[in-house]
Amino acid sequence: MATFDLLLKNGTVVFPAGEKKVDIAVSEGKIVEINPSINGTATETIDASGLHIFPGMIDAHVHFNDPGRTDWETITNGSSALAAGGGVGFFDMPLNSEPLVLDAKSYNAKLAEAKTKSLVDYGLWGGLTPKSVPNLEELAECGVIGFKAFNCHSGLDDFPGVDDWSIYKGMEIAAKLGMLVCIHCENDLITAKMFQEALAAGKSTAREFLDSRPAFTETESIQRMVAFAEETGCALHIAHVSTARGVQICTEARARGVNVTCETLPSYLVFTDKDVERIGTLAKCCPPPRDGDNREKLWQRVFNDEVVLVGSDHSPATAELKINDNFFKAWGGISGVQTTLNALLTEGYHNRQFPLAKIAALTSSNVVDRFKVKGKGKIEVNYDADFAIVDLNKEFTLKNEDLFYKNKISAYVGQHYKGKVVQTILRGTTVFKDGKITSKPIGQQIKPVL
């Protein structure tokens, strides 16, 4: 009789082809057997009767801000919150930390923090700014997951947005390296001018802010970045697309052979502009959530498999920065790394009959495929034993005290969810169970296989 480290028994596993009740055996952190019934003994056996087993979520878009801005968020807090939401890995953005990740030295500074503090596995983005273009090769040698750029003001003066020349040259280099470029798309000149005019006119409300970031500023920028990717042959990923039209532009470009994908956020699939006005600055982000008609059209694009992944864009800040009577002056980012799967299960599966297999793809398998990561993101033999165990029918309302963030504030507090993560397993080790972190930091670095 075989002996394993871990046996998952009687659970309903979410596979690409649908759900199936099977057992899973794990040894040395890897899946070694998947069968309807596995006979054997194990150091640990989990009876998952009545529960669904998803591949552990990998969030490709977070800002954990460590080192430097640890009063905003830390890798310890952020990775713990991700684990509480069913996550086993994240890709941390190159800005908001100090130093910014713009060269090998700054990359190694952040890597040193992640090695000792991350509960779950981690990859690091490198920054693409006008000044860092000459550093892209050394960042690639370090093992960055890709290069992140802004086509507008990033919110931080020391991480400037790219001009057309620097993004074109950056894409040329990335194409030669076989690396992916991710870009925040909003027209810089127009959004900056609208912002300045609004402040000069004394505007301060949520509605006035929303009006200053119209949808066309996103779609125009996407079209331009796609044109550069088409010319250079660069693999392009459009961050946090808020509009159905933006997704459509990417779909049409792919149809003519451009290597472009896009992501969207739970905030665009859950909230509308009316919710932003209701919630206030906790729901401020850029681009902002759009109207209800766009939200439903965006969901349709997600149903059609036109969106490759859903990331949280977890962008936390202190309450002093985030809560402000003047909407224009509040920090523009939403804390949400803990609730991505909850949002997709509630708004997608329960409210719109969105298939569980597609949720797993958007949060796991599509992520590893797009970023050329091997051995993770799928429930298959010889893959890492990474699981999110979920009670699909468990209902709860999110409270501030439920959050693992450094600053326990979020636009998602008060949301009622159906579908709760009860246990998260990373490489065969339980890191979260029944509302508690159960492991020391055991995260390992994730690198693309080029």
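Residues numbered from 1 in each chain as written. Predicted model: local features only at pLDDT ≥ 70, side-chain atom pairs only at ≥ 80, totals over all residues. Heavy atoms only, no water.

Participant: Can you walk me through the layout of surface pockets in this structure?
Facilitator: Gaps between atoms show up when a probe of the same size as a water molecule is rolled over them. Counted as a void, the largest pocket has a volume near 680 Å³. Elements with a minimum of two residues in the lining of the largest pocket: β10 (147-150) and α5 (188-200). A class-by-class count of the residues in the lining of the largest pocket yields 15 nonpolar, 15 polar and seven charged. In this structure, the second largest pocket occupies an estimated 320 Å³ of space. Lining the second largest pocket are 17 residues; nearest its centre among them are Q338, D402, K420, F432 and G435. Only β15 (387-397) and β16 (416-426) provide two or more residues apiece to the lining of the second largest pocket. In terms of residue count, the dominant contributor to the lining of the second largest pocket is β16 (three residues). Of the residues assigned to the lining of the second largest pocket, the class counts are seven nonpolar, five polar and five charged. (1 Å grid on protein atoms, 1.4 Å probe; cavity = no way out; pocket = protein on both sides within 12 Å on 5 of 7 lines; lining within 4 Å. Points joined across faces, edges and corners; volume = space filled by probe spheres on them. Helix = DSSP H or I, 4+ residues; strand = E, 2+ residues; numbered from the N terminus. Nonpolar A, V, L, I, M, F, W, Y, C, P; charged D, E, K, R; others polar.)

Participant: Explanation requested: the sheet that holds strand β11 (residues 180-184) in the structure shown.
Facilitator: Note: strands within a sheet are paired through backbone hydrogen bonds, in either parallel or antiparallel orientation. A sheet is described by the order of its strands in space; here six strands give the open sequence β9-β10-β11-β12-β13-β14, paired in parallel fashion. Strands with a single pairing partner mark the edges of an open sheet, and in this sheet they are β9 (126-127) and β14 (309-310). Two elements, strand β13 (residues 260-264) and β14, share two bridges in a ladder whose sense is parallel. Residue pairing across strands places E263 opposite L309, the latter belonging to β14. Lying on the sheet, helix α7 (residues 215-232) is in contact with β11, β12 (235-238) and β13; it crosses β12 at an angle near 165°. (Pairing = 2+ DSSP bridges. Contact = heavy atoms within 4.5 Å. Axes fitted to C-alpha atoms, helices over the stretch in contact; angles between N-to-C directions.)

Participant: Just checking my understanding: could you explain unusual backbone geometry for this structure?
Facilitator: Backbone phi values are negative for most residues with the exception of glycine, while trans is the configuration of most peptide bonds. For the peptide bond that leads from E98 to P99, omega is 10°, which places it in the cis range. Along the chain, the position of P99 falls in the loop between β7 (87-92) and α2 (104-117). The step from C286 to P287 runs through a cis peptide bond, and the omega angle for that step is -10°. Relative to the elements of secondary structure, P287 occurs in the loop between α10 (273-279) and α11 (292-303). Despite not being glycine, H240 has its phi angle at roughly 30°, a positive value. With respect to the helices, strands and loops of the structure, H240 is situated in the loop between β12 and α8 (244-255).

Participant: Help me understand the side chain of R427, please; the structure alone is not making it clear to me.
Facilitator: Tracing the sequence through the fold places R427 in the loop between β16 and β17 (429-433). A relative accessible area of 16% places R427 in the buried class. Side-chain polar atoms of R427 contact the side chain of D121, separated by 2.6 Å. In contact with R427, other than residues within four places in its own chain, are G29, D121, D384, A385, D386, I442, G443 and Q444. (Buried < 20%, exposed > 50% of the residue type's maximum accessible area, 1.4 Å probe, protein only. Polar contact = N/O pair within 3.5 Å; in protein donor to acceptor, adjacent residues only side chain to side chain.)

Participant: What exactly am I supposed to notice about the sheet that holds strand β6 (residues 57-62) here?
Facilitator: Pairing within the open sheet is parallel, and its three strands lie in the order β6-β7-β8. The open sheet has two edge strands with one neighbour each: β6 and β8 (121-124). Across this sheet, the average inter-strand angle for adjacent strands is 20°, counted without regard to direction. Packed onto the sheet, helix α1 (residues 75-84) meets β6 and β7 and runs at close to 135° relative to β7.

Participant: Would you take a moment to explain helix α4 (residues 164-177) for this structure?
Facilitator: Its 14 residues place the ends of α4 20 Å apart at the C-alpha level, agreeing with the 20 Å of an ideal helix rising 1.5 Å per residue. Taken as a whole, α4 has its buried residues at S166, I167, G170, M171 and A174. End-on, the buried residues of α4 take up no more than an arc of 135°, which puts them together on one face. The exposed set on the far side of α4, more than 90 degrees from its buried face, consists of W165 and K176. Looking at the buried residues of α4, the elements they touch are α3 (136-142), β10, β11, α7 and β12. Where α4 begins, one side-chain oxygen reaches toward the backbone nitrogen of W165, 3.0 Å away; that side chain belongs to D163. (Expected span 1.5 Å × (residues − 1). Arc of directions from axis to C-beta.)

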